[in-house]
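Descriptive analysis of the structure
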Amino acid sequence: MGRRSILVAAGWVATVAVATLIGLGAIRLVGESLTGTPGGVRSEAEIERALASPEPVPTGTTGTASVGPGTSSAGPGTASPTPSASSGVRRGFATDGGTAVAECGAGGVRLVSWAPAQGYRVRDVDRGPDDDVEVTFQGPTREYELKVRCIGSEPVAVADD
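Quantities reported herein were computed from a predicted structural model and do not represent experimental measurements. (Residues numbered from 1 in each chain as written. Predicted model: local features only at pLDDT ≥ 70, side-chain atom pairs only at ≥ 80, totals over all residues. Heavy atoms only, no water.)

Considerations on the nonpolar core
Residues Leu111, Trp114, Val135 and Val148 are the most contacted members of the largest nonpolar core, which totals 14 residues. For this core, the secondary-structure elements that each account for two or more residues are strand S3 (98-105), strand S4 (108-116), strand S5 (121-126), strand S6 (132-138) and strand S7 (143-151). In this view, leucine 111 contacts Ala100, Val101, Ala102, Val125, Asp126, Arg127, Val133, Glu134 and Val135; residues no more than four positions away in its chain are not counted. (Core = buried A, V, L, I, M, F, W, Y, C linked by side-chain atoms within 4.5 Å. Buried < 20%, exposed > 50% of the residue type's maximum accessible area, 1.4 Å probe, protein only. Helix = DSSP H or I, 4+ residues; strand = E, 2+ residues; numbered from the N terminus. Contact = heavy atoms within 4.5 Å.)

This is how it looks when you write it as structure tokens:
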């Protein structure tokens, strides 16, 4: 019986080793979607380059809106036109408080997506479509309001009226 116990133990160890290797292989195939951030973490410089390039911009909406009155000024940072299947032009805008993507279409301008910068939150959003749209990013000491309207078929950041 001693020899049989050794064979059973060896078989069990081999089975555990094979199951572990299969599990590790499956995790490697699935990749970062289970073990990390999909696409990796981007630096601030990479995000600025992406906003400045004429490549397509993701269309998912980020951030949460909590509606409330307020006035402030915003200085739009960079903007780059991008063709869109649903309209003439899609353009990204950046402020110190966050970023937004807008596009012009038949109903006017609309915010496609927006995301606050680290340390900021979205305080107010008017996503459109309308004559103009805006998003307000609230920080601990400052607030940035990004207001966009269409000039021709292109979204353009405008100063408060």
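Here we look at the side chain of threonine 95
Tracing the backbone through its elements, the reader meets threonine 95 in strand S2 (residues 90-95). Accessibility expressed as a relative area gives 10% for threonine 95, which makes it buried. Only 3.1 Å separates the side chain of threonine 95 from the backbone nitrogen of glycine 97, close enough to count as a polar contact. (Polar contact = N/O pair within 3.5 Å; in protein donor to acceptor, adjacent residues only side chain to side chain.)

Considerations on the pairing of S7
The two faces of the sheet receive side chains in turn, since in a regular strand these alternate between them. Note: S6 against S7, 7 bridges, orientation antiparallel. If you follow glutamine 138 over to S7, its bridge partner there is glutamate 143. Between S6 and the antiparallel strand that follows it, S7, lie 4 residues. Alignment of S7 against strand S8 (residues 154-158), held across 5 bridges, turns out to be antiparallel. Within S8, the position partnered with valine 148 by the bridge is alanine 157. Here S7 hands over to S8 after 2 residues, with glycine 152 in that stretch at a positive phi of 70°. (Pairing = 2+ DSSP bridges.)

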